[in-house]
Amino acid sequence: MGSTKTIFIVDDHQMVIDGLKLIISTIPGFEIIGESTSAVRALDMLAAASPDILLTDVSMPEMSGIEFTRLVKKKYPQIKVLALSMFSESQVVAEMIDAGISGYILKNTGKQELIEALYKVSIGENYFGPDITLQLMKSFKRSQEESRLTDREIEIIRMIEQDFGNKKIADMLFISERTVETHRKNILRKTNTQSVVGLLKYAYERKII
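Residues numbered from 1 in each chain as written. Predicted model: local features only at pLDDT ≥ 70, side-chain atom pairs only at ≥ 80, totals over all residues. Heavy atoms only, no water.

Q: Account for the packing of aromatic side chains, naming residues and giving values.
A: Applying the stated criterion across every chain, the model contains one aromatic pair. Look at Phe30 and Tyr119: their rings are 5.0 Å apart centre to centre, the planes differ by 75°, and that puts the pair in the edge-to-face class. Placement of Phe30 in strand S2 (residues 30-36) and of Tyr119 in helix H5 (residues 111-122) is noted, with a sequence separation of 89 residues between them. According to the relative accessible area criterion, Phe30 is buried, its value standing at 8%. The class of Tyr119 is partly exposed, set by a relative accessible area of 27%. Here the basic side chain of Arg206 rests over the ring of Tyr202, its NZ or CZ set 3.8 Å away from the ring centre. (Phe/Tyr/Trp six-rings, centres within 6.5 Å; stacked < 30°, edge-to-face > 60°. Helix = DSSP H or I, 4+ residues; strand = E, 2+ residues; numbered from the N terminus. Buried < 20%, exposed > 50% of the residue type's maximum accessible area, 1.4 Å probe, protein only. Lys NZ or Arg CZ within 6 Å of the ring centre and 35° of its normal.)

Q: Tell me about the sheet that holds strand S6 (residues 127-128), and name the residues and values.
A: What links the strands of a sheet is backbone hydrogen bonding, and the strands pair in either a parallel or an antiparallel sense. Overall, parallel pairing links the six strands, which are arranged S2-S1-S3-S4-S5-S6 in an open sheet. Strand pairing shows two members of the sheet lacking a second neighbour, S2 and S6, which therefore form its edges. Relative to S2, strand S1 (residues 5-10) runs parallel, the two being bridged by six bridges. Across the sheet, the residue bridging to Val10 is Ser36, located in S2. (Pairing = 2+ DSSP bridges.)

Q: Residues and numbers for the pattern of salt bridges, please.
A: If you walk through the whole model with that rule in mind, you get ten salt bridges. For the salt bridge of Arg152 with Glu155, the shortest nitrogen-to-oxygen distance reads 3.2 Å. Of this pair, Arg152 and Glu155 both sit in helix H7 (residues 151-161), three residues apart, which is roughly one turn of the helix. The partly exposed category is assigned to Arg152, whose relative accessible area is 30%. When the shortest N-O distance is used, the salt bridge between Glu153 and Lys190 registers 3.0 Å. Here the residue Glu153 occupies a position in helix H7, and Lys190 occupies one in helix H9 (residues 177-191), the gap between them amounting to 37 residues. Each member of the pair, Glu153 as well as Lys190, is classed as buried. Taken together, the salt bridges that share partners define one network made up of Asp11, Asp57 and Lys107. (Salt bridge = Lys/Arg side-chain N within 4 Å of Asp/Glu carboxyl O.)

Below, the structure written as structure tokens:
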């Protein structure tokens, strides 16, 4: 792998840091050059330490891992961030990805996966553990299903675009006004819009109308 890659660890539990140090000390090509139980203190310490990789917890009391990562990437864009967490919820992972992480693994992961993650991140690649990848795929599938409009919903959007009210839409489609209202609620939820203006903008952009 070439030269030794340096690592800085941030976790609010000293026991976790000690455990990681023990494991990483046995991995060739990596050296721990700093540690902190405080994300706030770590932000200043990173300037002098200048590690290749930052191994950080996600859930910390002073500052969330999301905010911490965002600040680290802003101040020290060259540092690769590998998140280590108890949580695999897709929303948390997505926010960490948005903040700029290069990888995300769970704290209950084995030594072999930690090694793989460190090697991948150290050469500029991304690494997400199998559990994390599965959660992201499930979330993506769920969002796809939620955003899929039915033929009836598209029909109603086109009627809304013509400024038809619920009663007229109900009469034209031979359904109750209550059913039209339910369709409208589902349409707004699926398109993630809050108003008719937002809905029509969504529909125009996607050439639904």
